[in-house]
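Working through the structure, step by step
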Amino acid sequence: MAQMTMIQAITDALRVELKNDENVVLFGEDVGKNGGVFRATEGLQDEFGEDRVFDTPLAESGIGGLAIGLATQGFRPVPEIQFFGFVYEVMDSISGQMARMRYRSGNTVNMPITLRSPFGGGVHTPEMHADSLEGLMAQQPGLKVVIPSNPYDAKGLLISAIRDNDPVIYLEHMKLYRSFRDEVPEEEYTIELGKANVKREGADITFIAYGAMVQASLKAAEELEKDGVSAEVIDLRTIAPLDVETIVESVKKTGRCVVVQEAQRVAGIASQIVAEIQERAILHLEAPVLRVTAPDTIFSFPQAEDVWLPNHKDIVKKANEALNY
Amino acid sequence: MKRTNEKIAEQFPTFQILNEEGKIVNEEKMPNLSDDELKDLMTRMVYTRILDQRSIALNRQGRLGFYAPTAGQEASQLGSHFALEKDDYILPGYRDVPQLIWHGLPLYKAFLWSRGHFVGGQMPEGVHAMVPQIIIGAQFVQAAGVALGMKKRGENRVAITYTGDGGTSQGDFYEGMNFAGAFDAPAIFIAQNNRFAISTPVEKQTKAVTLAQKAVAAGIEGIQVDGMDVLAVYVATKEARERAVNGEGPTFIETLTYRYGPHTMAGDDPTRYRTKDLDEEWEKKDPLVRFRKFLEDKGIWSEEEENEVIERAKEEIKAAIKEADGVPKQKVTDLIGNMYETLPQNLQEQMEEYKAKESK
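Just so you know, these numbers come straight off a predicted model, no measurement behind them.

With that settled, the discussion passes to the overall build of chain B. Across its full length, chain B holds 14 helices and eight strands. A compact globule built from 360 residues should have a C-alpha radius of gyration of about 21 Å, and chain B, at 21 Å, falls within 12% of that. Each principal axis of the C-alpha distribution contributes one length, and for chain B these read about 70 × 50 × 45 Å. Evaluated residue by residue, chain B yields a buried proportion of 58% over its 360 residues. Considering only residue pairs separated by 6 or more positions, chain B has 75% of its internal contacts joining residues 24 or more positions apart. Surface exposure of chain B reaches about 15500 Å², of which carbon and sulfur atoms provide 48%. A distance of 4 Å separates the average location of the 45 positive side-chain charges in chain B from that of its 56 negative side-chain charges.

For the rest of this paragraph, the subject is the UniProt feature "domain: Dehydrogenase E1 component" (unreviewed entry) in chain B. Within the UniProt annotation, "domain: Dehydrogenase E1 component" (unreviewed entry) is assigned to residues 43–332 of chain B. The distance from the first to the last C-alpha atom of residues 43–332 of chain B is 40 Å, and the span holds 47% helix and 11% strand.

Let us now look at the domain arrangement of chain B. Where interface size is quoted, it is often the accessible area lost as the parts come together. Residue and element names in this part refer to chain B. What the domain assignment reports for chain B is domain 1 (4–329) and domain 2 (330–359). Centre-to-centre, using C-alpha coordinates, domain 1 lies 37 Å away from domain 2. With five residues of domain 1 at the contact, the number on the domain 2 side is four residues. Between domain 1 and domain 2 lies a buried interface of about 390 Å² when both sides are counted; carbon and sulfur atoms form 43% of it. Three residues stand out in domain 1 for area buried against domain 2, namely Gly 116, Phe 118 and Lys 329, and they jointly supply 93% of the buried area on that side. Scanning the region where domain 1 abuts domain 2 turns up zero salt bridges. Counting across the interface, domain 1 meets domain 2 through three residue pairs in polar contact (both at pLDDT 80 or more). For the side of domain 1 that touches domain 2, a count of residues per class yields two nonpolar, two polar and one charged.

A rise of 1.5 Å per residue sets the reference length of helix 8 (residues 212–225) of chain A, with its 14 residues, at 20 Å; its end C-alpha atoms lie 21 Å apart and thus fit the reference within 8%. The complete set of buried residues in helix 8 of chain A reads Ala212(A), Met213(A), Val214(A), Ala216(A), Ser217(A), Leu218(A), Ala220(A), Ala221(A) and Leu224(A).

Below, the discussion takes up a negative patch on the surface. Residues and elements named next belong to chain B. A contiguous patch of negative charge on the surface is contributed by Glu 296, Glu 303, Glu 304 and Glu 308. Looking at the negative patch, the element that brings in the most residues is helix 12 (residues 303–326), giving three residues. You can see Glu 303 is positioned in helix 12.

Looking now at the UniProt feature "domain: Transketolase-like pyrimidine-binding" (unreviewed entry) in chain A. In the numbering used here, UniProt assigns the "domain: Transketolase-like pyrimidine-binding" (unreviewed entry) feature to residues 4–179 of chain A. The span residues 4–179 of chain A shows a helical share of 35% and a strand share of 16%, and its end C-alpha atoms are spaced 11 Å apart.

It is worth spelling out the sheet that holds strand 4 (residues 187–193) of chain B at this point. Residue and element names in this part refer to chain B. The six strands lie next to each other as 1-7-8-4-3-2, forming an open sheet whose pairing is parallel. Strands at the two margins of the open sheet, each flanked by one partner only, are strand 1 (14–15) and strand 2 (89–91). As judged from the three bridges shared by strand 2 and strand 3 (residues 159–164), these two strands associate in the parallel manner. What sits directly across from Leu 91, in strand 3, is Thr 161. Along the sheet, helix 7 (residues 171–182) makes contact with strand 4 and strand 8 (251–256), crossing strand 4 at roughly 150°.

Parameters and conventions
Residues numbered from 1 in each chain as written. Chains lettered and ligands numbered in written order. Predicted model: local features only at pLDDT ≥ 70, side-chain atom pairs only at ≥ 80, totals over all residues. Heavy atoms only, no water. Helix = DSSP H or I, 4+ residues; strand = E, 2+ residues; numbered from the N terminus. Rg over C-alpha atoms; globule rule 2.2 N^0.38 Å. Buried < 20%, exposed > 50% of the residue type's maximum accessible area, 1.4 Å probe, protein only. Contact = heavy atoms within 4.5 Å. Areas by Shrake-Rupley, 256 points an atom, 1.4 Å probe, with all protein chains shown as cover. Lys, Arg positive; Asp, Glu negative; His and termini not counted. Charge placed at Lys NZ, Arg CZ, Asp CG, Glu CD. UniProt positions renumbered as here; feature names shortened; annotations may be inferred. Domains from an automatic or database assignment. Buried area = accessible area lost by both parts, 1.4 Å probe. Salt bridge = Lys/Arg side-chain N within 4 Å of Asp/Glu carboxyl O. Polar contact = N/O pair within 3.5 Å; in protein donor to acceptor, adjacent residues only side chain to side chain. Nonpolar A, V, L, I, M, F, W, Y, C, P; charged D, E, K, R; others polar. Expected span 1.5 Å × (residues − 1). Patch = residues over 30% accessible without salt bridge, like charges linked within 9 Å, V, L, I, M, F, W, Y side chains within 5 Å. Pairing = 2+ DSSP bridges. Axes fitted to C-alpha atoms, helices over the stretch in contact; angles between N-to-C directions.

Below, the structure is given as structure tokens:
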């Protein structure tokens with residue numbers, strides 16, 4: 001086993017799949033010679049050639065259309081959108097086209113596309129780089145939305161995403177790219193899409209999170225442990241489809257729940273989770289299910305970003321509200 | 001002094017082979033088609049004209065759904081299609097159903113697509129085409145991808161896509177041609193300039209004198225063709241196809257044409273935005289009239305032959321409607337089943353819910 005950062009684990013997964021399947025092609029802005037602005041595709045063009053790993057002209061809608069066209073010819077495209085804030089330029093290709101192709105064709109056309117993109121706050125980017133727009137994707141039937149929280153998951157989930165015959169939006173939190181290392185097996189392995197992971201078992205309260213908020217939730221759980229509170233932490237791994245079974249099972253056990261998301265509050269993933277819990281487990285609840293989210297503004301300018309983003313202290317505070325209800 | 005716009009437009013004169021009287025005006029470019037092939041082209045245009053008339057009637061009787069009339073555009077649609085090979089891939093707009101039918105989509109499936117039944121989107125094995133695109137221009141960026149895929153596989157195939165004059169204002173129009181150009185991908189982009197995007201005249205779409213000159217910005221081949229002249233459209237497409245498979249990159253073709261009918265059968269009234277004079281001016285250019293004259297002058301076409309085609313078309317349309325009527329009614333559970341390769345939990349639950357609802 002090797003110690004890898006999340007970005008290294010992602011590169012490793014891409015290498016594994018480029019080796020495994022000659023139909024896998026990687027493309028996007030600056031992914032070839034430059035290896036991507038975060039170096040996710042570092043060295044892959046040299047290793048696999050320009051036919052498999054290539055730069056495109058600078059146009060996101062074109063990149064989306066290219067992926068769809070290549071998929072019709074039996075390729076397994078892995079396009080990169082340089083920052084997920086640029087997704088609005090490719091919304092039709094994603095929501096209007098690739099998500100609907102199986103349905104539109106009466107289940108005769110696969111769209112095995114994995115669209116990778118960095119997102120997430122805490123790295124002081126210019127506007128339209130860090131926004132959490134996963135809710136837009138999760139609301140679109142026909143897509144799967146995967147958000148890894150650590151290097152080990154990043155590799156296994158990405159391999160699964162590339163092998164999936166439906167379009168997967170694979171979002172990589174920028175803050176997690178190099179913030180810590182994990183043991184990551186050098187051989188290939190997969191992690192099932194649509195299944196959450198109980199990262200930490202607990203008895204008193206459940207935290208449900210994904211992406212960078214998993215780390216914040218784990219930190220909050222450690223803090224609460226000092227006060228004798230046993231918190232369970234669920235890492236969703238995939239936000240569409242949601243693993244409702246794992247969520248509900250945990251809440252039935254603990255009776256209390258805080259859902260954590262970095263995105264703004266309105267119409268987000270957390271709201272969906274709260275709805276599922278109250279429909280399926282209301283009689284097990286000892287307190288209302290609470291949410292920790294960003295406020296309903298446009299993503300913060302860098303100068304206020306640290307306060308704007310939810311953190312482990314916000315989670316501890318909400319947890320205490322639920323515990324003392 | 002001429003402005004750049006005009007100077008560029010001069011490089012895109014309208015390519016014509018047959019004039020309105022059905023006379024050859026461009027002998028040098030006359031394609032080497034056999035009499036049978038020429039008659040086949042006429043047969044397809046006559047058949048498609050009848051299909052359009054019957055489709056409009058069926059729509060009015062409530063026996064068809066969404067329908068975008070095609071009369072007037074037969075030469076643009078079928079002349080370009082006639083230049084393709086069976087393995088070429090078509091990315092049509094919603095008016096481009098005739099090309100799909102001549103590419104192998106059974107008529108009853110075209111009717112099912114119009115009615116909004118998922119079976120209408122199921123291309124038979126070996127019919128290389130996408131379901132007609134609703135979003136204007138989206139097929140252009142996809143065509144670049146299809147063509148790049150063919151190039152990567154080293155195949156002698158091309159991707160061909162269609163939009164209208166309005167489509168040339170979309171960002172995807174330019175992105176698709178630019179991508180295909182940058183990759184030297186074997187794509188053919190066609191804009192059927194029928195002069196109106198629903199009601200907006202082409203003069204309001206762009207300041208460019210011709211649409212064909214838009215190819216210049218992408219650095220690809222461009223040509224403006226008389227879209228009422230089936231031979232000119234055929235030759236322009238055939239040459240574009242040859243360049244594409246020879247690795248010389250994509251071509252953009254503008255065909256000058258006209259739709260006689262409304263935009264769609266969903267309440268559009270062309271008298272609000274077109275004059276009778278303009279309609280008549282274009283009807284004089286009719287692609288069937290001039291090609292019929294040409295074939296009759298050659299002595300290879302007669303009224304009897306044309307009537308046979310018309311009768312055959314009517315019979316086949318009748319049979320196809322019957323076949324479409326016989327396809328089992330679409331259920332919500334069918335739609336749920338067509339969402340993913342493997343159904344996720346939420347849809348599994350909804351499948352059970354709708355199974356119960358639909359069994360009542």
